[in-house]
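A look at the structure
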Amino acid sequence: MEVRIIKGTNQIGGCITEITSNKGTKIIIDFGEDLPDDNVITKKENPNIDGLTIGKKKYDAVFITHSHGDHIGLINYILDDIPVYVEPVSKRIYKLLSVFTYKNMRLKTKNMFFKEKILVNNDIVVTPYIVDHSSYNSAMLLIEADGKRILHTGDFRSHGLKGDEFIPTLKEINNVDMIITEGTCLSKDEEKFETEEHLQERALEIFKKYDQIFILQSSTNIDRIKSFYEASKATAKNFIEDIFTANITSSLNNPSLPNPIDYSDVYVWIPTKYKKKSFKFKKKYVLPFYKYSKQKSYENNKYVLMVKTTMLEAIEKLYDKNHIKNACLIYSMWNGYKENEDMKSFLEEIKKFGINDIIDLHTSGHASKKTIELLNSLNAKKVIPIHTTNKEALKDILNNVIIVDDKEVIKL
Ligand SMILES: [Zn+2]
Ligand SMILES: [Zn+2]
């Protein structure tokens, strides 16, 4: 086999990996946008890769590890006759993200897989392993061909709610010849790797202190939604999801995760701007949630409301009706986003509505150095760092690290 990191040896996100078998079968792993970090789309770009997005088809399949924009965000550019494989729940989440935030982008995904092997050209076998990450149902991919095995980690961690499954998953994967691993934590020294359970305990202490809790977090970080819901329930508050989050949580088909359909204490906030959406949009994404958007959810003044930076009007409305009295905002995202202009002004504006206390409560979506170190158990002969701006540092953690640049060919 031959491996080429088309993009990603010197950047976080937007990584594109090409794997070619001896017989010439070619696959791509992940096709997302360049980002400063997950979830925020900073620019649209079409990377124009010959045989993938333009010209005659040269690739046999594309596999996507998870629904974050920096891994899936460019799949629309892929040539029509190339199959794109995405885990079904990741695909659903991405579709909702597209509909709510990218102006109804058309999805060209033709295929999907789930806990199953996919055989490409009777030559390359790709097996997904669901792994802990801040994006629900993220997968690591095992690629087998020519008697060799490559593990592509995608994004992962082991301090989230699925973290306990990480070591058993590595045991199941067993020895590999090569690992292509994310190394986000090598770049970001300030990142915190507190477990999600511990974060939940800290959330509970905050929830005891305030009556109205506003939460700013990624709607696709399902672990975090669960943590805040648990703290909300323990302090007898109503949990109110904004309409976008409600669509996401309800689409997971998992009654153990807080969503308005399965939970009597989970409500929905529908901002007035949704009245202006098309009838088709409203019918599909808004009307099914009307019955969960009852006013009583915030009338007793003990509630948790998930907000977006675009929801200032909704917050003002609550303030005007005297529903903000003892409130705080929990900022549960990467700190770097605070540099964005709309975030800056949001955090400033909410103070006018009685929300003066802004509390940081977050843990990284990525693997800590300790977690990455566990990959040594797979005894890989070659380890390639991607999804990092500090690839050399991986040598301190893993054996047999080779430092490569974008587009360099590595033989296996
Ligand atoms: Zn990523
Ligand atoms: Zn990710």
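Conventions and cut-offs
By convention here, each chain's residues receive numbers from 1 onward along its written sequence. Just so you know, chain letters begin at A and ligand numbers begin at 1, following the order they were written in. Reporting of local features is limited, given that this is a predicted model, to residues whose pLDDT is at least 70; pairs of side-chain atoms are given and counted only at 80 or more, and all residues count toward the totals for whole chains, interfaces and linings. Secondary structure elements follow DSSP: runs of H or I of four or more residues count as helices, runs of E of two or more count as strands, with numbering from the N terminus. Here the globule rule reads 2.2 Å times residues to the power 0.38, and the radius of gyration is calculated from C-alpha atoms. For every residue, the other C-beta atoms within 10 Å of its own C-beta are counted; 20 or more classify it as buried, 12 or fewer as exposed, and values in between as partly exposed. C-beta atoms are placed from the backbone. A residue pair is marked as a contact if its C-beta atoms, positioned from the backbone, fall within 7 Å. Strands pair, by our definition, only if DSSP identifies at least two bridges between them. Geometry is summarised by axes, namely lines fitted to C-alpha atoms with helices restricted to the contacting stretch, and by angles between N-to-C directions that run from 0 to 180 degrees. Joined through C-beta atoms within 7 Å, a set of buried Ala, Val, Leu, Ile, Met, Phe, Trp, Tyr and Cys residues constitutes a nonpolar core. Note that domain bounds follow an automatic or database assignment of domains. Side-chain classes follow a simple rule in which Ala, Val, Leu, Ile, Met, Phe, Trp, Tyr, Cys and Pro form the nonpolar group, Asp, Glu, Lys and Arg form the charged group, and the remainder, Gly included, forms the polar group.

This part is about the overall build of the protein. Looking only at helices and strands, the protein has twelve helices and 19 strands in total. Computed over its C-alpha atoms, the radius of gyration of the protein comes to 22 Å, within 12% of the 22 Å expected for a compact globule of 412 residues. By its C-alpha atoms, the protein is 70 × 45 × 35 Å across when sized along the principal axes. For the protein, buried positions account for 47% of its 412 residues. Look at the contacts in the protein between residues 6 or more apart in sequence, and 72% of them connect residues 24 or more apart.

Attention shifts here to the sheet that holds strand β10 (residues 148-152). In space, the six strands of this open sheet follow the order β7-β8-β9-β10-β11-β18, with mixed pairing throughout. At either end of the open sheet lies a strand with only one pairing partner, and these are β7 (118-120) and β18 (382-386). The sheet shows a mean angle of 20° between the axes of neighbouring strands, direction not considered. Both strand β8 (residues 124-131) and strand β9 (residues 138-145) contribute to a ladder of seven bridges, which runs antiparallel. When the bridges of β9 are listed, V131 appears paired with S138. Together, β8, β9 and β10 form the strand contacts of helix α3 (residues 166-173), whose direction differs from that of β8 by roughly 165°.

By size, the foremost hydrophobic cluster in this structure holds 108 residues, and its most contacted members are I27, V62, F63, I64, I150, I215 and I240. Formed jointly, this core draws a minimum of three residues from each of two domains, domain 1 (2-189 + 365-411) and domain 2 (196-360). Setting aside residues up to four positions removed in sequence, I215 forms contacts with F228, V304, M306, V307, I330 and S332.

Strands sit in the order β14-β13-β15-β12-β16-β17 across an open sheet of six strands; the sheet is parallel. At either end of the open sheet lies a strand with only one pairing partner, and these are β14 (266-269) and β17 (357-360). Averaged over all adjacent pairs, the angle separating strand axes in this sheet is 25°, with direction ignored. As judged from the six bridges shared by strand β12 (residues 212-217) and strand β16 (residues 327-332), these two strands associate in the parallel manner. Bridge pairing links I215 to I330 in β16.

The next subject is the environment of Y136. The residue Y136 is located in the loop between β8 and β9 in this model. By C-beta crowding, Y136 is classed as buried, having 25 other C-beta atoms within 10 Å. Linking Y136 and I93, residues 43 residues apart in sequence, is a C-alpha distance of 8.5 Å. When residues no more than four places from it in sequence are discounted, the contact partners of Y136 are V89, I93, T220, I222 and L252.

On the secondary structure map, M178 appears in strand β11 (residues 178-182). For the pair formed by M178 and V304, sequence separation is 126 residues and the distance between their alpha carbons is 46 Å. If we skip the residues at most four places from it in the chain, M178 touches V3, I150, A380, K381, K382 and L412.

Even without glycine at this site, N122 takes up a positive phi of about 55°. Here N122 shows up in the loop between β7 and β8. Among the residues examined, N122 registers 8 C-beta atoms within 10 Å and is labelled exposed. Even without a glycine there, the phi angle at N301 is positive, about 60°. Secondary-structure assignment places N301 in the loop between α9 (296-299) and β15 (303-307).

So, about the pairing of β10. In regular strands, side chains alternate between the two faces of the sheet. Among the five residues in β10, four count as buried, and that is most of the element. Alignment of β9 against β10, held across five bridges, turns out to be antiparallel. Counted as the bridge partner of A145 is K148 from β10. Hairpin connection of β9 to β10: two residues between the antiparallel strands, including D146 at a positive phi of 50°. As paired elements, β10 and β11 share three bridges and run parallel to each other. Each residue of the ladder has a partner; that of I150, found in β11, is M178.

To continue, consider the pairing of β15. Taken across its five residues, β15 has five buried, putting it largely inside the fold. Where burial is concerned, the two faces of β15 agree: the one with Y303, L305 and V307 and the one with V304 and M306 are both buried. One ladder, built from five bridges, connects β12 with β15; its direction is parallel. In the strand pairing of β15, Q212 is matched with Y303. Bridge count between strand β13 (residues 238-242) and β15: three bridges; the pairing is parallel. When the sheet's bridge partners are listed, N238 is paired in β15 with Y303.

Before going further, it helps to spend a moment on the domain arrangement of the protein. Domain boundaries in the protein define domain 1 (2-189 + 365-411) and domain 2 (196-360). Taken together, the contacts link 18 residues of domain 1 with 16 residues of domain 2. When its residues are assigned to classes, the side of domain 1 that touches domain 2 shows ten nonpolar, six polar and two charged.

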